[in-house]
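# Secondary and tertiary structure notes
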Amino acid sequence: MAKHFGPAHQSARCTVCNHPSCPEIDRALIDGVPLRTLAATHGLSASALCRHTRHLRHQLVIQQRQADQSHVSAFLEKLELLEVRLDRLFRKAEESRSLHVSLGCLQESIRVLSLREKVRHSLGGLASW
Ligand SMILES: [Zn+2]
């Protein structure tokens, strides 16, 4: 179920944004209820509802962007944890002169760096929306 988007997505002149049933109307629009049906149910014009879909779309884009950014942040935190563990393992491997394990740590570190670079590029994509 879609949540109400609150004052941030409201347009001062939009009769739908200012309608007391705006959350319910937004959910119905997302569910694909025809504009004419909604207009009749809520005493609104179909053209006002049509204009309002732009406000709703804008808000959905913002929410998607926030969800993407929070997903990326969580991923970066996991990478950071991996880097810490790899570093710890690498130091132990060096102390015990385990060249094979040291080399494995370095190879994995390169993979983590490569992933970081990919995430950096995806952040660039998000920023250019
Ligand atoms: Zn609106």
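Above this note sits the structure.
Residues numbered from 1 in each chain as written. Predicted model: local features only at pLDDT ≥ 70, side-chain atom pairs only at ≥ 80, totals over all residues.

Check the secondary structure of the protein chain and you find four helices and zero strands. Starting at the N terminus and walking to the C terminus, you meet the elements of the protein chain as α-α-α-α. Burial analysis of the protein chain (129 residues in total) assigns 8% to the buried set. Within the protein chain, counting contacts between residues at least 6 apart in sequence, those at least 24 apart form 53% of the total. (Helix = DSSP H or I, 4+ residues; strand = E, 2+ residues; numbered from the N terminus. Buried ≥ 20, exposed ≤ 12 C-beta atoms within 10 Å, placed from the backbone. Contact = placed C-beta atoms within 7 Å.)

A few words now on unusual backbone geometry. The backbone of Arg97 shows a phi angle near 55°, a positive value even though the residue is not glycine. On the secondary structure map, Arg97 appears in the loop between helix H3 (46–95) and helix H4 (99–127).

Right, let's talk about the environment of Val101 for a bit. Counting through the fold element by element, Val101 comes out in helix H4. Under the C-beta neighbour-count criterion, Val101 is labelled partly exposed, with 15 such atoms within 10 Å. Val101 sits 12 residues away from Leu89 along the chain, and the two C-alpha atoms are 8.3 Å apart.

This paragraph deals with the packing of helix H2 (residues 35–42) against H3. The interhelical angle for the contact between H2 and H3, taken along N-to-C directions, is 115°, at an axis separation of 9 Å. Between H2 and H3, the interaxial angle falls into the category roughly perpendicular. The hand of the H2/H3 crossing is right-handed. Residues Leu35, Arg36, Leu38 and Ala39 of H2 form the contact with H3, whose own contacting residues are Ala46, Leu49 and Cys50. Of the residues contributing to the contact of H2 with H3, the split by class is six nonpolar, no polar and one charged. (Axes fitted to C-alpha atoms, helices over the stretch in contact; angles between N-to-C directions. Parallel < 35°, antiparallel > 145°, perpendicular 65-115°, else oblique. Left-handed = near helix turned anticlockwise from the far one by under 90°. Nonpolar A, V, L, I, M, F, W, Y, C, P; charged D, E, K, R; others polar.)

Among the residues of helix H1 (residues 22–30), those classed as buried are Cys22, Ile25 and Asp26. All buried residues of H1 fall inside an arc of 100° around its axis, so they share one side. Remark: Gly32 follows H1 within two positions and exhibits a positive phi of approximately 85°. (Arc of directions from axis to C-beta.)

Glancing now at the environment of Ser102. Relative to the elements of secondary structure, Ser102 occurs in helix H4. A count of 18 C-beta atoms within 10 Å places Ser102 in the partly exposed class. Considered as a pair, Ser102 and Leu86 are 16 residues apart in the sequence and their alpha carbons are 9.6 Å apart. The contacts of Ser102, once residues within four sequence positions are left out, are Phe90, Ala93 and Glu94.

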